[in-house]
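# Observations on chain architecture
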Amino acid sequence: MSLDAKSRLKEIVDSYLEKDGGAAVDTGIVASHLAQMKLFGTRQGVEFFPAQDNFGNQRKDFLDRVIKFNQIDTRLDSIWDYFLCDGQGLFYIRPTQNNYRLYFFRRHEYRSFYNIDGELDEVVIIYSYKVRQGFGYQQDLATSSLTGPAGMGQGGAKRYIRLSIKRKTIEETHSESELSFDTNYQGVPGRTKTLKNTLGFIPCVEIFNNTKGFSMEGVGEFDSLANHICTHDDIVRTMRKNVQFFGNPTLLSSRPKTDLMESGGDAVVQRPSIAANSGFAGTGTLSQSRFKSDPVYRGVDGQLRVPRIIANLEPNDRVGYIVPDSITGDQNSFARQYREEIRTALGGVDELSISAGVTATEYKSLFGRVSATSKRKATAIYTYGICRCLELILYQEESLFRNTLAAAAGLEKPLELPEEATEEDNAAYEEAMTMFEDQVKNLMMACLKTQQIPPGVSGLIPDGDVTIQWRWLGPVYEDSTQDILNNSIVVRNLQELGVDSIEALKYLFPSKTDEERAEMLSGFPFRMVGELQNAYSSFSRLVGGMMQTPHPQSPDLPMAADPRLDLTPYLYRTLEALQKEMSYAGRYRPIDPTDEPSTSSRRSEQLRGGSTTSSPGQLPGSSDGLSGGYELPPSGTSGDPQLPIKPYSIRPPIPVGSTPGQPMGVGVQQSSGATERSSPIPIPGSTLATGDTVYPGQLRSASVQPSYATIGSADLASQPGILAQLFPNLLESVIGPDRGLRGNGAGKPPSTGRVRDRSSGSSEQLRAKPGSDGGQRRRMGKPRS
């Protein structure tokens, strides 16, 4: 591929991405292909939903809030354009005060670095935004003299931001000078601050288009056909010039040009006026009265035209028109064939000239190639992009639930070790984390058993598999009533053949999941039940007749006594089918440990069973305690009937504080320092109202009481012994009789509050001893004996 073709292709693609109508682009291949891919890729909209949601649709409601907050439905078109043209893109998750912000960056705006295991090790993002300069006349002044070359005049002053995202920290740099990946950003003037990554993993997901095998690099949609697209652009430009040049017919005559041409239009009548013949004229050039014109239509168009009547023709004069063919048939056919070849190579179909489609069925069948191509692109964007981001958000919310629940119970999570920690410290940290996870599992099992959650717990209740699925809200071609009727006939015929009802309904509702089809079958299947009852009655009557008919070979015995004529299994089979039709329900799936984000450098060793060992109470296949010990029992085989699963009824978390809702992106911080939640970043391409927000985020004052340290909060320092009042026997059964929580001694209840004895029903007021310490030391490793 020549460099000229690459540069010209970049101009063509950028003209479409930037919606630059003034660019000299004549080919419509790029615009047509992208429009076709977006049509079949988004269709009537895309819906994202969890694979399982057993606690009152808590996951679905949370995902809807995140998607609505980020306006994903309106931003899908630009994501498709950037992804197809660039070949790759990056999603970045940024927690805010009450939600999660989702960003998408193009290929030239980020750099990704992977470790030896193929996991993201660091991501660097650089983009620009603008800041308004003043609120009055200064807004319209050129600010290049004030802010250097980054000034943009009326649009605001241009600023640059650089984000270096790692597993534990996020470096944020704001600068008025242009930042680049090739320059040393440490020498650029600006302000840099280091924030704590509260998520514990790199919240970035990179997607690829037309990947080269298993490499971490994508290829743009039009890169491989740059020469073809540029050639087609030249062909169309030449044809357009021919139309402009040869579009008007040419007059051929033997008379002089002045005799056959006149200026102006039909409505203009010009003749010398009386004032002009008398010699009167104004002082100005525009006020001279030379001609008398029509009072209604003044002025001429300046064009020459052939008069309607050509007089004074001699017998030997010839006047005629020559109409040249601006675009020949061969040229038009070649351009159309060239366009079809390019669109076919791109995986689409040229809608303007489909030579292979004659009937409506053939025309619709050709778009199967378009549907298959757009489905592959949609899988990369939705399944491995947006769905993966939502899975990480769900994982963070469930981790937040575990951490706040542990804080409410007084369990101290071990502090994370620095990067330069020794092997002994890592071993002690792993042992402390194992003990912490076991305690959290037991606590969650106790909460499930009592169906209660302590106050002050935020986040989402862990619900096993965090897989997020997607589907289109509607097809490109709407099914007619005849199509729906034919599909229903197919479903009925399949059921008569013995096909499972859930499998048969796939022909009628292809976009719904198996769980949703099972929920749809929660009604009374009167037709299937009637047929099964008739079959059972037929078998019963057949058995009764065989009991009364003697066996031909043994007249003293009935035919039913022959083992080869036993109809009992068919009766059981009929009853099992009836039970199955009446007991459809969803299936619970535990979480897959390989889908969890990497939160430590030793993650690969843990998955391979290298350094850490599972605790005695941990289930096989569970990881980080997300699916161990408290999931519902697994379902049976697909062939066995399954009764409906009724999950535990757990009330939602109680919001605390003066704010109306509990922040969703807030974790339990165990060390001081600014977090990314307290330091919002500007949206790419936005204009900030003031320059003070260029360097956002302040440390919280120590005198200000946090929102969670209120009545009924997770911070037990404000109310020692509140859990013992609410759950007298819960914590003792979880922690053990030899370990007390904020009590006076081991195994003793707290010294404040009212404790109720369930056996006697009486309450006794316990007084606090003077000088008692209700605090709890922070420790790591094994507890002291």
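Residues numbered from 1 in each chain as written. Predicted model: local features only at pLDDT ≥ 70, side-chain atom pairs only at ≥ 80, totals over all residues. Heavy atoms only, no water.

## Describing the side chain of Glu 206
The topology assignment puts Glu 206 in strand S9 (residues 204–208). No salt bridge is formed by the buried Glu 206. Its closest oppositely charged neighbour is Arg 107, at 7.3 Å. Only 3.0 Å separates the side chain of Glu 206 from the side chain of Ser 112, close enough to count as a polar contact. At a separation of 2.4 Å, a polar atom in the side chain of Glu 206 contacts the side chain of Tyr 114. Residues within four places of Glu 206 in sequence aside, it is in contact with Gln 88, Gly 89, Leu 90, Tyr 110, Ser 112 and Tyr 114. (Helix = DSSP H or I, 4+ residues; strand = E, 2+ residues; numbered from the N terminus. Buried < 20%, exposed > 50% of the residue type's maximum accessible area, 1.4 Å probe, protein only. Lys, Arg positive; Asp, Glu negative; His and termini not counted. Salt bridge = Lys/Arg side-chain N within 4 Å of Asp/Glu carboxyl O. Polar contact = N/O pair within 3.5 Å; in protein donor to acceptor, adjacent residues only side chain to side chain. Contact = heavy atoms within 4.5 Å.)

## Looking at helix H15 (residues 526–548)
If you check H15, its first and last C-alpha atoms are 33 Å apart, about what 23 residues at 1.5 Å a residue would give, namely 33 Å. Here H15 has its buried residues at Val 529, Leu 532 and Met 546. Those residues of H15 hidden inside the fold are in contact with helix H16 (568–581). (Expected span 1.5 Å × (residues − 1).)

## Quick notes on the pattern of salt bridges
Taken as a whole and judged by the stated rule, the model has 28 salt bridges. The residue Arg 8 makes a salt bridge to Glu 11 at a minimum N-O spacing of 2.9 Å. On the criterion of helical spacing, the pair formed by Arg 8 and Glu 11 is a turn pair, its members being three residues apart in helix H1 (residues 3–17). For Arg 8, a relative accessible area of 19% translates into the label buried. Note that Lys 377 is salt-bridged to Glu 221, the shortest N-O span being 3.2 Å. Here the residue Lys 377 occupies a position in helix H10 (residues 360–408), and Glu 221 occupies one in the loop between S9 and helix H6 (226–246), the gap between them amounting to 156 residues. Comparing Lys 377 with Glu 221, the two get one shared label, buried. When salt bridges that share partners are traced, they join Arg 8, Glu 11, Asp 26, Asp 233, Asp 234, Arg 237 and Arg 240 into one network.

## Considering the pairing of strand S6 (residues 157–165)
For S6, the tally of buried residues reaches eight of nine residues, placing the bulk of the element in the interior. Direction of pairing for S6 relative to strand S7 (residues 169–175): antiparallel, over a ladder of six bridges. Its bridge partner lying in S7, Ile 161 is registered against His 174. In sequence, S6 turns back onto S7 through a hairpin of three residues. (Pairing = 2+ DSSP bridges.)

## A few points about the packing of helix H2 (residues 29–42) against helix H9 (residues 329–345)
One can describe the packing of H2 onto H9 by two numbers: an axis separation of 11 Å at closest approach and a directional angle of 40°. Classified by the angle their axes make, H2 and H9 are oblique. Taken as a pair, H2 and H9 cross one another with a handedness that is right-handed. Of H9, the residues touching H2 (which contributes Ile 29, Ser 32, His 33 and Gln 36) are Arg 339, Ile 342 and Arg 343. Residue classes in the contact of H2 with H9 are distributed as two nonpolar, three polar and two charged. (Axes fitted to C-alpha atoms, helices over the stretch in contact; angles between N-to-C directions. Parallel < 35°, antiparallel > 145°, perpendicular 65-115°, else oblique. Left-handed = near helix turned anticlockwise from the far one by under 90°. Nonpolar A, V, L, I, M, F, W, Y, C, P; charged D, E, K, R; others polar.)

## A few points about the sheet that holds strand S3 (residues 100–105)
In spatial order, the strands read S3-S2-S9; together these three strands make up an open sheet with antiparallel pairing. Two strands close off the open sheet at either side, each with one partner strand: S3 and S9. Within this sheet the neighbouring strands show an average axis-to-axis angle of 20°, counted without direction. Two elements, strand S2 (residues 88–95) and S9, share five bridges in a ladder whose sense is antiparallel.

## Considering the environment of Glu 416
With respect to the helices and strands, the residue Glu 416 is situated in the loop between H10 and helix H11 (423–450). Spatially, the C-alpha atom of Glu 416 lies 7.9 Å from that of Tyr 429, the residues being 13 residues apart in sequence. Those residues in contact with Glu 416 that sit more than four places away from it in its chain are Lys 168 and Tyr 429.

## Concerning the nonpolar core
Of all hydrophobic cores here, the largest spans 62 residues; its most connected members are Phe 48, Phe 91, Phe 222, Tyr 382 and Leu 390. Here the element with the most residues in this core is H10; it accounts for 15 residues. Excluding residues within four positions of it along the chain, Phe 91 makes contact with Ile 79, Leu 102, Tyr 103, Phe 104, Pro 203, Cys 204, Val 205, Ile 207, Ile 381, Gly 385, Ile 386 and Cys 389. Tyr 110, Tyr 129, Val 131 and Ile 202 belong to the second largest nonpolar core, which has 20 residues in total. (Core = buried A, V, L, I, M, F, W, Y, C linked by side-chain atoms within 4.5 Å.)

## A short note on the environment of Thr 238
Following the sequence through the fold, Thr 238 ends up in helix H6. Residue Thr 238 is classed as partly exposed on the basis of its relative accessible area, which comes to 41%.

## Looking at the packing of H2 against helix H4 (residues 72–86)
Angle between the axes and distance between the axes are the two parameters that describe a pair of packed helices. At a minimum axis separation of 10 Å, H2 and H4 run at an interaxial angle of 125°. Considered as vectors, H2 and H4 are oriented oblique to each other. Note on packing geometry: the crossing formed by H2 with H4 is right-handed. Residue-level contacts link Leu 34, Met 37, Lys 38, Gly 41 and Thr 42 of H2 to Leu 76, Asp 77, Trp 80, Asp 81, Leu 84 and Cys 85 of H4. Among the residues forming the contact of H2 with H4, the class breakdown is six nonpolar, two polar and three charged.

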